[in-house]
Amino acid sequence: MRFGFDERQLAFRHQLRALTDKTCTAADQREAWASELGWSRARWAALAEMGVVGLTVPEAYAGLGLGLVDLVLLLEEAGRSGLPEPLLETTALAVPLLGDVAGGRAEELRRAWLPRVAAGDAVMTVGTGASPLVAGAAGADLLLLERGGELHAVEAPSTVRVARVALDGASRPAEVSWQPSPASRLVAGEEALGVLAALADRAAMSTGAVLVGVADRLITMTADYALDRVQFGRPIGSFQAVKHHLADALIRLEFARPAVYRAAWSLDTGDPGAGRHASMAKALAADAATGAARMALQVHGAIGYTWEHDLHLWMKRAWSLAAAWGDAGAHRARVLEQMLADPTG
Amino acid sequence: MDLLFTAAQDEFRAEVRGWLEANVPSAAPGTGPLPSLDTAVGFEAHRVWERTMYDARWSVVSWPEEFGGRGVGLMEWLIFEEEYYRAGAPTRVSQNGIFLLAPTLFEFGTAEQQARFLPAMASGETIWCQGWSEPDAGSDLAGIRSRAERRPPTGGRGPGWVLNGQKTWCSRGAFADWLFGLFRTDPEAQKHRGLTYFLVPMDAPGVTVRPIGQLDGETGFAEVFFEDVVVPEEQVLGGVDQGWSVAMATAGSERGLSLRSPARYTEAARRLVSLYRDRAGRDPVAAGRVADEVARAVIDAEAYKLHTYWTASRVLDGETVGAEASMNKVFWSETDLAIHTAALALLGEEAGLLGDDGRPGPWLDGFLFALAGPIYAGTNEIQRNVVAERVLGLPRA
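Reading the values: the criteria
- Residues numbered from 1 in each chain as written.
- Chains lettered and ligands numbered in written order.
- Predicted model: local features only at pLDDT ≥ 70, side-chain atom pairs only at ≥ 80, totals over all residues.
- Helix = DSSP H or I, 4+ residues; strand = E, 2+ residues; numbered from the N terminus.
- Rg over C-alpha atoms; globule rule 2.2 N^0.38 Å.
- Buried ≥ 20, exposed ≤ 12 C-beta atoms within 10 Å, placed from the backbone.
- Contact = placed C-beta atoms within 7 Å.
- Pairing = 2+ DSSP bridges.
- Axes fitted to C-alpha atoms, helices over the stretch in contact; angles between N-to-C directions.
- Domains from an automatic or database assignment.
- Nonpolar A, V, L, I, M, F, W, Y, C, P; charged D, E, K, R; others polar.
- Parallel < 35°, antiparallel > 145°, perpendicular 65-115°, else oblique.
- Core = buried A, V, L, I, M, F, W, Y, C linked by C-beta atoms within 7 Å.

Novice: How do you make sense of the overall build of chain B when you look at a structure like this?
Specialist: Helix and strand counts for chain B come out as twelve helices and eight strands. Here the C-alpha radius of gyration of chain B, 22 Å, is about what a compact globule of 397 residues would show, namely 21 Å. In chain B, which comprises 397 residues, the share counted as buried stands at 45%. Contacts in chain B between residues at least 24 apart in sequence constitute 70% of all its contacts with a sequence separation of at least 6.

Structure follows, in structure tokens:
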């Protein structure tokens, strides 16, 4: 038992942080939010260069061939920096999903697409029947889409994508119309259910990881503000009412963090409890992030309610990711259901 | 990252489980395995259980062998605790001693003090209570007024101290054998300076114990009065006037890893799921109204366990855990309350009924106990201040 990251994993996070500190400032995010694509191809290329984009792509296809435990700190960093690029959709979800599918058609797609993904030249996303909206669809070149319990692979030109505008400018959902065909079908039946269930678990853990980073940033920003802002002749951070708001948010975050890391490990190792662990992670991380957003706004006061202040960039990320791939309540219900079904639990 | 236990740890777990299964007193349905330790009879029954564990070297597994332990590591201690709670074994009547005083004795005690106090603590021969709070020093602990004055050697007795004052809210104080507490040795010094940590036998002349009835009607804690109580020099723990830093080491233990092992909550959460299953079978609509509350409590118990293993790994990697202990304290105390509140909600109006013996059943009893959690060991408000100031760097008021 050793519950921690190794030097290499920590160094990778450090490296990504150095990149985002320089190229993903709040001003950079605002620029991305205002752009048509919603993110920056130059930054995506830099992420690919660093190996982040192709982290889950097998080495045979020019990726790093690493797992979710290696990815989880980078997803957290994406949340902390407000990174608008489709790292979650491509690297955490679509690539492992395609990797789960057996058969010649999937192998052809892997051969054709994964080296391009790792190089930063192609972007993927996923969509399920649970939602009519597909996140990150606008910039995606290859879409893995579920319909009627089957999983299909559809190239962008074969789809009609109607963008919907979201409050969170980094989430670019679209309604995707497309025609399933035998040629697009990757997998059906029992096997499809299996890979889709694995996708949902990975999505719960991965959105949880990004939310941990978002919560971390919200708390840090707010603590800095509370040190700086003076009222009644002293920093507002010296008042207990403010301290307790911040302390509670930090406690929720610090107890969500290990649950997210454990879920990543369970998914990587095929632990039988992985689904439950992923749901616990999402429930804890979503509450930590939305709670941190609520606290952050209250402590900032009116300035936090403005467009000019950067706080809203992270608050909006917290809200949209908390709702994505099942909200906290849905995941809690799933945890309880699974525990009730297990007579030893 | 590797979240599997080693083969040796699995073996250790099997050994613990085997011994506990064979030795834990069996419980009557709906009651604990022994009479309440807040009664004179129950207290002695729990003392006997401590002795049984000690004889098989299970009472203090993480201590060095010379003091009655097995010298096992932090992970093994957590495994032991998981098995202890899983087995439904009795509450540790010696917990103030083995979890709060012992770490301080290991850090600050002389070799003589360690040899004198640790084995007797491990065997249950000496049960300790804590003398920190006073009527006017609760959350503001540095406001302690009970004092100790130097006493010159007289009549063949060495130099020592004379204690006067009053301590209160001493858990197990009604029946304990010894007390560890803070007394003011320098009346000129400000607040937390000038305090000294003393070890005092409860049967010393001048010590008067007045039990306090608790919420449940029993005498779990007590007031202790000191009137010219003579204590020899060798019952000072750590340096004279150094009591605050010595005591803070104990506070770290109380709030942190050692007193509230996660197994306590994961085991209660497991029973909560089982209660939910039972209630949902009878009235799914009523149970369904509590479902989210149950799930929250269960997930928080698991989060506490994971956080503990996360922290234990950091400690084993050589990091020190400081003010984070305050986060633990807030989280476990609120989780404990959440688990028991959910259970009472499932039980509905039956929840408030007492048994034929006039005692609360396990859920109500657990709820009453959990209510104290956010208050003792430093109120959660004080802990939040510590988190905000020492972890987030916010200014002191």
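Novice: Would you mind going over the sheet that holds strand S7 (residues 185–187) of chain A with me for this structure?
Specialist: Whenever strands of a sheet pair, they do so through backbone hydrogen bonds, lying parallel or antiparallel. Residue and element names in this part refer to chain A. Spatially, four strands are ordered S1-S3-S4-S7 in an open sheet, and the strand pairing comes out mixed. Lying at the two open borders of the sheet, with one neighbouring strand each, are strand S1 (124–127) and S7. The mean angle between the axes of side-by-side strands here comes to 25°, regardless of whether they run parallel or antiparallel. Lying on the sheet, helix H5 (residues 87–100) is in contact with S1 and strand S3 (142–147); it crosses S1 at an angle near 75°.

Novice: Could you clarify how one ought to interpret the sheet that holds strand S5 (residues 160–163) of chain A in this entry?
Specialist: Residue and element names in this part refer to chain A. Spatially, three strands are ordered S2-S6-S5 in an open sheet, and the strand pairing comes out antiparallel. Edge positions in the sheet fall to strand S2 (133–134) and S5, since each has one partner strand and no second. As defined by bridge partners, S5 adjoins strand S6 (residues 174–177) across four bridges and the pair is classed as antiparallel. Note that in S6 the partner of Ala163 across the bridge is Ala174.

Novice: It is not clear to me how the domain arrangement of chain B should be interpreted in this structure. Could you clarify?
Specialist: Frequently, the measure chosen for interface size is the accessible area that the parts lose on association. Residue and element names in this part refer to chain B. Entries for chain B in the domain assignment read domain 1 (7–93), domain 2 (128–251) and domain 3 (260–391). Each of domain 1 and domain 2 has a C-alpha centre, and these two points are 29 Å apart. Contacts between the two partners involve six residues from domain 1, matched on the other side by five residues from domain 2. Counted by class, the side of domain 1 that touches domain 2 contains three nonpolar, two polar and one charged residues.

Novice: Whenever I open this one, the domain arrangement of chain A confuses me. Can you help?
Specialist: All names here are of chain A. The domains assigned to chain A are domain 1 (7–187) and domain 2 (191–341). Centre-to-centre separation of domain 1 and domain 2, based on C-alpha positions: 21 Å. Listed as interface residues are 33 residues of domain 1 and, on the opposing side, 34 residues of domain 2. Only helix H2 (26–34), helix H4 (68–81), H5 and strand S4 (150–155) provide two or more residues apiece to the side of domain 1 that touches domain 2. In terms of residue count, H4 provides more of the side of domain 1 that touches domain 2 than any other element does, nine residues in total. Residues belonging to the side of domain 1 that touches domain 2 are distributed by class as follows: 19 nonpolar, seven polar and seven charged.

Novice: What's the story with the environment of Gly243(B) in this structure? I'm lost.
Specialist: Residue and element names in this part refer to chain B. Mapped onto the elements of the fold, Gly243 is located in helix H6 (residues 243–255). Through-space distance from the C-alpha of Gly243 to that of Leu195 is 4.8 Å; in sequence the pair is 48 residues apart. Excluding residues within four positions of it along the chain, Gly243 makes contact with Leu182, Leu195, Thr196, Tyr197 and Gly238.

Novice: Which parts of the structure should I look at to understand the packing of helix H3 (residues 74–86) of chain B against helix H9 (residues 291–316) of chain B?
Specialist: Two measures define how a pair of helices packs: the angle their axes make with one another and the distance between the axes. Residue and element names in this part refer to chain B. Relative to each other, H3 and H9 sit at 155°, their axes nearing to 10 Å. When the interaxial angle is binned, H3 and H9 end up roughly antiparallel. From H3, Leu74, Met75 and Leu78 reach across to H9, where they touch Thr308, Ala312, Val315 and Leu316. Each residue belonging to the contact of H3 with H9 can be placed in one class, and the counts come to six nonpolar, one polar and no charged.

Novice: Any chance you could explain the nonpolar core here in plain terms?
Specialist: Soluble globular proteins tend to bury their nonpolar side chains together. Residue and element names in this part refer to chain A. In terms of nonpolar packing, the biggest core is built from 223 residues, with Leu211, Leu246, Val260 and Ala292 touching the most fellow members. The element that contributes the greatest number of residues to this core is helix H7 (residues 189–228), accounting for 18 residues. What Ala292 contacts, discounting residues up to four positions off in sequence, is Ala215, Leu218, Ile219, Ala249, Leu253 and Ala318.

Novice: So what exactly am I meant to see when it comes to the pairing of S6(A) here?
Specialist: Put simply, side chains in a regular strand alternate between the two faces of the sheet. All names here are of chain A. Residues Ala174 and Val176 point to one face of S6 and are all buried, whereas Glu175 and Ser177, pointing to the other face, are not buried. Both S2 and S6 contribute to a ladder of two bridges, which runs antiparallel. When the sheet's bridge partners are listed, Leu133 is paired in S6 with Glu175.

Novice: What's the story with unusual backbone geometry in this structure? I'm lost.
Specialist: Most of the time, phi is negative for any residue but glycine, and the peptide bond is trans. Despite not being glycine, Trp325(A) has its phi angle at roughly 60°, a positive value. Tracing the backbone through its elements, the reader meets Trp325(A) in the loop between helix H10 (311–323) and helix H11 (328–341). The phi dihedral of Ala377(B) falls on the positive side, at around 60°, and the residue is not glycine. One can find Ala377(B) in the loop between helix H11 (362–372) and helix H12 (380–391). Judged by the 26 C-beta atoms lying within 10 Å of it, Ala377(B) is buried.

Novice: Teacher, can you tell me more about the interface of chain B and chain A here?
Specialist: At the interface, 42 residues of chain B touch 38 residues of chain A. Among the secondary structure elements, those contributing two or more residues to the side of chain B that touches chain A are helix H7 (263–282), H9, helix H10 (324–347) and H12 of chain B. The element that contributes the greatest number of residues to the side of chain B that touches chain A is H9(B), accounting for 16 residues. By residue class, the composition of the side of chain B that touches chain A is 27 nonpolar, five polar and ten charged.

Novice: Would you explain the packing of helix H9 (residues 274–300) of chain A against H9(B) in this entry?
Specialist: Orientation of H9(A) relative to H9(B), taken along the N-to-C sense of each, is 95°, at an axis distance of 10 Å. One finds that H9(A) runs roughly perpendicular with respect to H9(B). The residues of H9(B) that touch H9(A), namely those facing Met280(A), Ala283(A) and Leu284(A), are Ile299(B), Glu302(B) and Ala303(B). In the contact of H9(A) with H9(B), the residues fall into five nonpolar, no polar and one charged.

Novice: Looking at this structure, how should I read the pairing of S3(A)?
Specialist: Residues and elements named next belong to chain A. Where burial is concerned, most of S3 is hidden: five out of the six residues are buried. Two elements, S1 and S3, share four bridges in a ladder whose sense is parallel. Across the sheet, residue Gly127 finds its bridge partner in S3, namely Leu145. Summarising the sheet, S3 and S4 pair through six bridges and their orientation is antiparallel. Paired with Leu144 across the bridge in S4 is Ala153. The loop that links S3 with its antiparallel partner S4 comprises two residues; one of these, Gly148, has a positive phi angle of about 55°.

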